Amino acid sequence: MDRAGGSRIPAILPDRSAVPGERVLIRVFIASSSGFVAIKKQQQDVVRFLEANKIQSEEVDLTMSEEQRQWMYKTIPPEKKPARGNPLPPQIFNGDRYCADYDSFFASKESNTVFSFLGLKSQLASKAEP
């Protein structure tokens, strides 16, 4: 994240078909100034999970960049948007590919499928490779 609060988007954003050895970047869209404790806790839960599992990620603060907020709103598939209002943070992307909101992330965490859910190799599989 840059000093102005915006987030740099890498020139190349790998997706599920990323070349082996390329770094995959998970982007978590957050709101740093949210007044809702539940949203803050959900954002922390996602970020802490990614950090604990050494998954390369970046936080994109929606409160600091209208351009990023509009990009996120446009990029979330229509079937994943709420019936009313805008999608609430945290929203998770693998590069430009939408992955999930918090509820879907939590469900994948509970079923131990987060790595495939995010379009990543599981750490066990990557450790087993020479």
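Residues numbered from 1 in each chain as written. Predicted model: local features only at pLDDT ≥ 70, side-chain atom pairs only at ≥ 80, totals over all residues. Heavy atoms only, no water.

Asks: Teacher, can you tell me more about the packing of aromatic side chains here?
Replies: Think of a pair of aromatic rings as described by two things: how far the centres are apart, and how the planes are tilted against each other in angle. Per the counting criterion, the structure on display carries 7 aromatic pairs. Look at F93 and Y98: their rings are 5.2 Å apart centre to centre, the planes differ by 70°, and that puts the pair in the edge-to-face class. By relative accessible area, which is 0% here, F93 ends up buried. The class of Y98 is buried, set by a relative accessible area of 11%. By way of ring pairs, the aromatic residues F29, W71, F93 and Y98 are connected into one cluster. Just above the ring of W71 sits the side chain of R27; from NZ or CZ to the centre is 4.8 Å. (Phe/Tyr/Trp six-rings, centres within 6.5 Å; stacked < 30°, edge-to-face > 60°. Buried < 20%, exposed > 50% of the residue type's maximum accessible area, 1.4 Å probe, protein only. Lys NZ or Arg CZ within 6 Å of the ring centre and 35° of its normal.)

Asks: Would you mind showing me how to read helix α2 (residues 66-75) here?
Replies: For an α-helix, the turn length of 3.6 residues means that residues three or four places apart are oriented alike. For α2, every residue scored as buried is listed here: Q68, W71, M72 and Y73. Check the buried side of α2 and you find it contacts β1 (26-30), β2 (57-61) and β3 (91-94). (Helix = DSSP H or I, 4+ residues; strand = E, 2+ residues; numbered from the N terminus. Contact = heavy atoms within 4.5 Å.)

Asks: Explanation requested: unusual backbone geometry in the structure shown.
Replies: Note: most peptide bonds trans; most residues except glycine with negative phi. Note that the residue after P89, namely P90, is joined by a cis bond; omega there is 0°. By the secondary structure assignment, P90 is in the loop between α2 and β3. In this structure, K54 takes a positive phi of about 55° despite not being glycine. Residue position: K54 is located in the loop between α1 (37-52) and β2. Judged by its relative accessible area of 75%, K54 falls in the exposed class. Backbone geometry at N112 places phi at a positive 60°, although glycine is not the residue there. By the element assignment, N112 lies in the loop between α3 (102-110) and α4 (114-117). The exposure class of N112 is exposed, given its relative accessible area of 71%.

Spatial relationships are all this shows, so hold off on functional conclusions.
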